[in-house]
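Secondary and tertiary structure notes
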Amino acid sequence: MIRIDRSVWEQMIGHCRLALPREACGALFGPKGDSGTPAVTFLSPIANRAKSPETEFAFDAKDWIYSLYEAERSNRQLLGIFHSHPMTSGTPSALDMAGASHNRLGYWIVSFARPEQPIVRVYRLEEAIGGSREFTPIPYSVI
Ligand SMILES: [Zn+2]
């Protein structure tokens, strides 16, 4: 279970909508030392530097490092990363699987398959028995 502030939730969807028809991406943070259900309270947009931004995303290294630095300075911890799917559902793609390395983080996907009604899903990358990896959906609530 994870919680996300409504303002951050709206900011995430808005940021992704502005980037259409390309994928947008960014990082999500919450207060450090927060026990119990993690709560996302802050978003850092990160430029998408993928060669084919319509179908994939790659974090801009400078934006990414800066967002982590800012988080450290503001006593926030990294809770997840997000990106959008401009045309397809919120299911992680094969590229998402290949590129994912952040175990334990929430992996948020905003789908614009129906642009008037974007759908947000959250996954966590988990190692299955035998060493294969899979995205497990995790429940969340907008607060
Ligand atoms: Zn994706």
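Our structure is the block above this text.
In this report, the structure presented in the accompanying data block is examined. Since we're looking at a predicted model, the values are computed, not measured. (Residues numbered from 1 in each chain as written. Predicted model: local features only at pLDDT ≥ 70, side-chain atom pairs only at ≥ 80, totals over all residues. Heavy atoms only, no water.)

**A closer look at the layout of surface pockets**
Taken as a whole, the largest pocket encloses approximately 210 Å³ of empty space. Around the largest pocket, the lining is made up of 13 residues, and of these Phe57, Ala58, Phe59, Gly99 and Tyr107 lie nearest the centre. No other element matches the 3 residues that helix 3 (residues 94–99) contributes to the lining of the largest pocket. Of the residues in the lining of the largest pocket, the class split is 8 nonpolar, 3 polar and 2 charged. (1 Å grid on protein atoms, 1.4 Å probe; cavity = no way out; pocket = protein on both sides within 12 Å on 5 of 7 lines; lining within 4 Å. Points joined across faces, edges and corners; volume = space filled by probe spheres on them. Helix = DSSP H or I, 4+ residues; strand = E, 2+ residues; numbered from the N terminus. Nonpolar A, V, L, I, M, F, W, Y, C, P; charged D, E, K, R; others polar.)

**Brief notes about the pairing of strand 5 (residues 76–85)**
In terms of burial, strand 5 is a largely internal element, 8 of the 10 residues being buried. The sheet contact formed by strand 2 (residues 25–31) and strand 5 spans 7 bridges and is antiparallel. Paired with cysteine 25 across the strands is histidine 83, a residue of strand 5. As paired strands, strand 5 and strand 6 (residues 106–111) are joined by 6 bridges and run parallel to one another. Bridging from a neighbouring strand, histidine 85 pairs with serine 111 of strand 6. (Buried < 20%, exposed > 50% of the residue type's maximum accessible area, 1.4 Å probe, protein only. Pairing = 2+ DSSP bridges.)

**Digging into the nonpolar core**
Ranked by size, the top nonpolar core spans 19 residues in total, and within it Met12, Leu28, Val40 and Trp108 carry the most contacts. Every element with two or more residues in this core is listed here: strand 1 (2–4), helix 1 (6–19), strand 5, strand 6 and strand 7 (119–127). Here this core takes 5 residues from helix 1, the largest share from any one element. Excluding anything up to four places from it in sequence, tryptophan 108 contacts Ile2, Ile4, Met12, Leu28, Val40, Ile81, Phe82, His83, Val120, Arg121, Val122 and Tyr140. Counting residues in each nonpolar core, the second largest holds 15 residues, with Phe29, Ile81, Ala100 and Tyr107 among its members. (Core = buried A, V, L, I, M, F, W, Y, C linked by side-chain atoms within 4.5 Å. Contact = heavy atoms within 4.5 Å.)

**Considering the sheet that holds strand 4 (residues 42–46)**
Strand order in the open sheet formed by 6 strands is 4-2-5-6-7-8, with mixed pairing between adjacent strands. Both edges of this open sheet fall to strand 4 and strand 8 (133–137), since each of them pairs with a single strand only. Each neighbouring strand pair of the sheet contributes to a mean axis angle of 30°, computed without reference to strand direction. As defined by bridge partners, strand 2 adjoins strand 4 across 5 bridges and the pair is classed as antiparallel. In the sheet register, phenylalanine 29 faces strand 4, and the bridge partner there is phenylalanine 42. Relative to strand 4, helix 1 is tilted by about 15°, and along the sheet it contacts strand 2, strand 4, strand 5, strand 6 and strand 7. Sheet strands touched by helix 2 (residues 61–73): strand 2, strand 4 and strand 5. Its angle to strand 5, the strand with the most contacts, is close to 145°. (Axes fitted to C-alpha atoms, helices over the stretch in contact; angles between N-to-C directions.)

None of this, on its own, says anything about what the molecule does.
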